[in-house]
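# Summary of structural features
Spelled out from the first residue to the last, the chains are:
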Amino acid sequence: MQLEKHLSGLYNAVFGRLPSRTIRRMLLQRLLGSVAKTSFVGIRTQLADPWNIHLAARAVVNHDCHLDGRGGDLTIGEDADIGPYTHIWTLEHEPSDPQHGTKHAPVTIEHHAWIASRVTILPGVTIGAGAVVAAGAVVTRDVAPKAIVAGIPAEPIGERTNDLDYQLSFNPRWR
């Protein structure tokens, strides 16, 4: 585990910033709890306790995201699309704790979910299959399948009506 912690730090400081997807992928296969060969993690994405992070087939994590596995498993399902600058937390401080303690809980993003840019997802949240989270939203509780949510805190504003049978094929040259 000590070696993985050092590799995680090196990934965040150096290797995750390289434009070579090949080098990043080699390290991600060693660091992440599980990662499908068809998933994608963009440049400058930061990882905390990456051995608790799991990426399914064709999951896309765009550039400059923060994925936190310190508080439990972070699972991103098949064909889920995570926009740039998104922060997903499994650990946070408990505001009512007099000792400034923490609370932790896993986060699950189910298949075909679409998380737009600059979204914050807090511990213990499940984003349902096919749900859409609008840009800049802060997700504090579960999102129902195919729901469209927006705002701070995120609230339902609509529902996705299309079939969820597409497969993402995201393979940019320099991200």
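Below, the structure is looked at part by part. (Residues numbered from 1 in each chain as written. Predicted model: local features only at pLDDT ≥ 70, side-chain atom pairs only at ≥ 80, totals over all residues. Heavy atoms only, no water.)

Right, let's get into the overall build of the chain. A tally of helices and strands in the chain yields 2 helices and 19 strands. Relative to the compact-globule value of 16 Å for 175 residues, the chain shows a C-alpha radius of gyration of 16 Å, a close match. When its C-alpha atoms are laid out on the principal axes, the chain stretches across 45 × 45 × 20 Å. A buried classification covers 46% of the 175 residues belonging to the chain. Pairs at least 24 apart in sequence give 28% of the contacts found in the chain among residues at least 6 apart. Per element, the accessible surface of the chain, about 8700 Å² overall, is 55% carbon and sulfur. (Helix = DSSP H or I, 4+ residues; strand = E, 2+ residues; numbered from the N terminus. Rg over C-alpha atoms; globule rule 2.2 N^0.38 Å. Buried < 20%, exposed > 50% of the residue type's maximum accessible area, 1.4 Å probe, protein only. Contact = heavy atoms within 4.5 Å. Areas by Shrake-Rupley, 256 points an atom, 1.4 Å probe, with all protein chains shown as cover.)

Little of strand β19 (residues 155-159) sits out of view: just 0 of its 5 residues are buried. Bridge count for strand β18 (residues 147-150) against β19 is 4 bridges, and the pairing is antiparallel. What sits directly across from V149, in β19, is P156. Hairpin geometry of β18 and β19 is characterised by an intervening segment of 4 residues between the two adjacent antiparallel strands and by a positive phi of about 100° at G151. (Pairing = 2+ DSSP bridges.)

On to the pattern of salt bridges, then. All chains considered together, the criterion is met by 6 salt bridges. Here E92 makes a salt bridge to K103, at a shortest N to O gap of 3.3 Å. Here the residue E92 occupies a position in strand β10 (residues 91-93), and K103 occupies one in strand β11 (residues 102-104), the gap between them amounting to 11 residues. For E92, a relative accessible area of 21% translates into the label partly exposed. One salt bridge connects R141 with E155, and the closest N-O pair in it is separated by 2.7 Å. You can see R141 sitting in the loop between β17 (138-139) and β18 and its partner E155 sitting in strand β19, a full 14 residues away along the chain. Residue R141 is classed as partly exposed on the basis of its relative accessible area, which comes to 43%. (Salt bridge = Lys/Arg side-chain N within 4 Å of Asp/Glu carboxyl O.)

Here we come to unusual backbone geometry. That bond from I152 to P153 is cis: its omega, -10°, falls within 30 degrees of zero. Within the element layout of this structure, P153 appears in the loop between β18 and β19. Residue R58 is not a glycine yet carries a positive backbone phi of 65°. Following the sequence through the fold, R58 ends up in the loop between β4 (53-55) and β5 (60-61). Residue class for R58 comes out buried when judged on its relative accessible area of 17%. With a phi angle near 65°, K146 is a residue other than glycine that sits in the positive phi range. With respect to the element layout, K146 can be found in the loop between β17 and β18. Taking relative accessible area as the criterion, K146 reaches 24% and is therefore assigned partly exposed.

Taken in spatial order, the 5 strands make up an open sheet running β3-β6-β9-β14-β17, and their pairing is parallel. Edge positions in the sheet fall to β3 (46-48) and β17, since each of these pairs with one other strand and no more. Across 2 bridges, the pairing between strand β9 (residues 87-88) and strand β14 (residues 120-121) is parallel. Of the residues in β14, the one forming a bridge with H87 is T120.

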